[in-house]
Amino acid sequence: MNRPVLLVVAHGSRDPRHAATVQALVRRAGALRPGLRVETAFLDFNLPSVPGVLDRLAADGVREVVALPLLLTRAFHAKADIPAVLRQAPPSLSVRQAEVLGPSPLLIAAVERRLHEAGLTPADKPATGVVLASAGSTDPEAIAVIAETARELRRTGWCSVRPAFASAVFAGGVPRTEDAVRALRLEPGVRRVAVAPYVIAPGRLPDRIAAGATGADVLADVLGPSPELAHLLLDRYDEARTARRPVARTA
């Protein structure tokens, strides 16, 4: 019972499906670790807020918290927004920020799970091109991680895998979903095109991915509360507990 509380920090969305999916994922992770207190907070749009949960934990007598960014890449929210809000935690709390979820083989497994659930089988891999469609980022580090994740997915046996972003606003040299679908149609050996959303929960940008997938043969679901993601949350929590690096506080 002396284990730090796991606080999962999600971005938040005006789309109610987002918070519902996040909560389902967090419940699944909690069920895998009986006795671990797991809380959820949102940076924006949804409640409870991060400051609100931190205040409540301090009032409950909690002393240690591992804050886990529910993010696939280490972009602006992980580098700036989340550390800034964690630095405002009550003085009685020792807060450590865990690493973001990606990259990880478990994420590759979750993508493949969703592709299989959408109707594809391992026998379809050699003739199927996959668009790994992310929400997008302007952060070079995040863009590089998405590109490497696409390469790792390709190594599992798919005919071709191309990264894509939901919107041209975040392009950074990466094509939009619809552009990647068209490009795969022209590749030798590709007889079927599938779009795999590399996003955790539904919302505005995942809806753009779906709209850009109209020319594909298969559209997989978002990663959501998959068992792979639930296990990954606990992996990142355990890694942060071992590191024991508190978040620096403001003066």
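Just so we're clear, the structure is a prediction, and the values are computed from it rather than from any experiment. (Residues numbered from 1 in each chain as written. Predicted model: local features only at pLDDT ≥ 70, side-chain atom pairs only at ≥ 80, totals over all residues. Heavy atoms only, no water.)

Caption draft 1: Quick look at the environment of Leu233. Within the element layout of this structure, Leu233 appears in helix H8 (residues 227-243). You can call Leu233 buried: its relative accessible area is 0%. In the structure, Leu233 is positioned 132 residues away from Leu101 in sequence and 7.2 Å away in space, judged by C-alpha atoms. Here Leu233 is in contact with Val8, Leu25, Ala29, Leu68, Leu70 and Leu101, once residues within four sequence places are set aside. (Helix = DSSP H or I, 4+ residues; strand = E, 2+ residues; numbered from the N terminus. Buried < 20%, exposed > 50% of the residue type's maximum accessible area, 1.4 Å probe, protein only. Contact = heavy atoms within 4.5 Å.)

Caption draft 2: Broad picture of the sheet that holds strand E1 (residues 5-10). Taken in spatial order, the four strands of this open sheet run E2-E1-E3-E4, and their pairing is parallel. The strands lining the two open edges of the sheet, one partner per strand, are strand E2 (38-42) and strand E4 (94-97). Taken over all neighbouring pairs, the strand axes of this sheet differ in orientation by 25° on average, direction set aside. Docked against the sheet, helix H3 (residues 76-86) engages E1, strand E3 (64-69) and E4, running at close to 170° with respect to E4. (Pairing = 2+ DSSP bridges. Axes fitted to C-alpha atoms, helices over the stretch in contact; angles between N-to-C directions.)

Caption draft 3: Region of interest: the pairing of E4. The pairing of E3 with E4 spans four bridges and is parallel. The residue bridging Val66 from the neighbouring strand is Arg96, located in E4.

Caption draft 4: Structural view of the nonpolar core. Within the largest apolar cluster, 47 residues are counted, with the highest numbers of intra-cluster contacts made by Leu70, Leu101 and Leu115. The element contributing the most residues to this core is H8, with seven residues. The residues touching Leu115, leaving out its near neighbours within four places in the chain, are Leu120, Val130, Trp158, Ala194, Ala196 and Ala220. Counting 21 residues, the second largest nonpolar core, distinct from the first, contains Leu54, Ile82, Val85 and Leu93. (Core = buried A, V, L, I, M, F, W, Y, C linked by side-chain atoms within 4.5 Å.)

Caption draft 5: Summary view of helix H1 (residues 16-32). Between its terminal C-alpha atoms H1 stretches 25 Å, which fits the 24 Å expected from 17 residues at 1.5 Å a residue. Listed in full, the buried residues belonging to H1 are His18, Ala19, Thr21, Val22, Leu25, Val26 and Ala29. For H1, the angular spread of buried residues about the axis comes to 165°, placing them on one side. For H1, the exposed residues set more than 90 degrees away from the buried face come down to Pro16, Arg27 and Ala31. The inward-facing, buried residues of H1 contact E1, E2 and H8. (Expected span 1.5 Å × (residues − 1). Arc of directions from axis to C-beta.)

Caption draft 6: Geometry of the side chain of Ser160. Summarising the element assignment, Ser160 is placed in strand E6 (residues 160-165). Within polar-contact distance, the side chain of Ser160 engages the side chain of Glu187 at 2.9 Å. Apart from residues no more than four positions distant in its own chain, Ser160 is found in contact with Thr128, Gly129, Val130, Arg154, Leu184, Glu187 and Val190. (Polar contact = N/O pair within 3.5 Å; in protein donor to acceptor, adjacent residues only side chain to side chain.)

Caption draft 7: Spatial organisation of the pattern of salt bridges. Within this structure, the stated rule accounts for 23 salt bridges. We note a salt bridge from Arg56 to Glu39, for which the minimum N-O separation is 3.3 Å. A residue pair is termed long-range when its members are at least 10 positions apart, and Arg56 in helix H2 (residues 50-59) and Glu39 in strand E2 qualify at 17 residues. Judged by its relative accessible area of 13%, Glu39 falls in the buried class. When the shortest N-O distance is used, the salt bridge between Asp179 and Arg176 registers 3.1 Å. What makes Asp179 partly exposed here is its relative accessible area of 25%. (Salt bridge = Lys/Arg side-chain N within 4 Å of Asp/Glu carboxyl O.)

Caption draft 8: Local environment of the environment of Arg185. Structurally, Arg185 can be placed in helix H6 (residues 177-185). Taking the C-alpha atoms as reference points, Arg185 and Arg27, 158 residues apart in sequence, are found 40 Å from one another. Once residues lying within four places of it in the same chain are set aside, the contact partners of Arg185 are Val193, Gly215, Ala216 and Asp217. A distance of 2.7 Å separates a polar atom in the side chain of Arg185 from the backbone oxygen of Gly215. Side-chain polar atoms of Arg185 contact the side chain of Asp217, separated by 3.0 Å.

Caption draft 9: Examining the pairing of strand E5 (residues 128-134) more closely. Of all the seven residues making up E5, seven are buried; the element is thus mostly covered by neighbouring parts of the structure. Neither face of E5 is open: one carries Thr128, Val130, Leu132 and Ser134, the other Gly129, Val131 and Ala133, and all of them are buried. Relative to E6, E5 is paired through six bridges, and the arrangement is parallel. Its bridge partner being in E6, Ser134 is matched across the sheet by Phe165. Between the parallel pair E5 and E6, the chain is carried across by helix H5 (residues 140-154), and the sense of this crossover is right-handed. (Right-handed = clockwise from strand over helix to strand, strands pointing away.)

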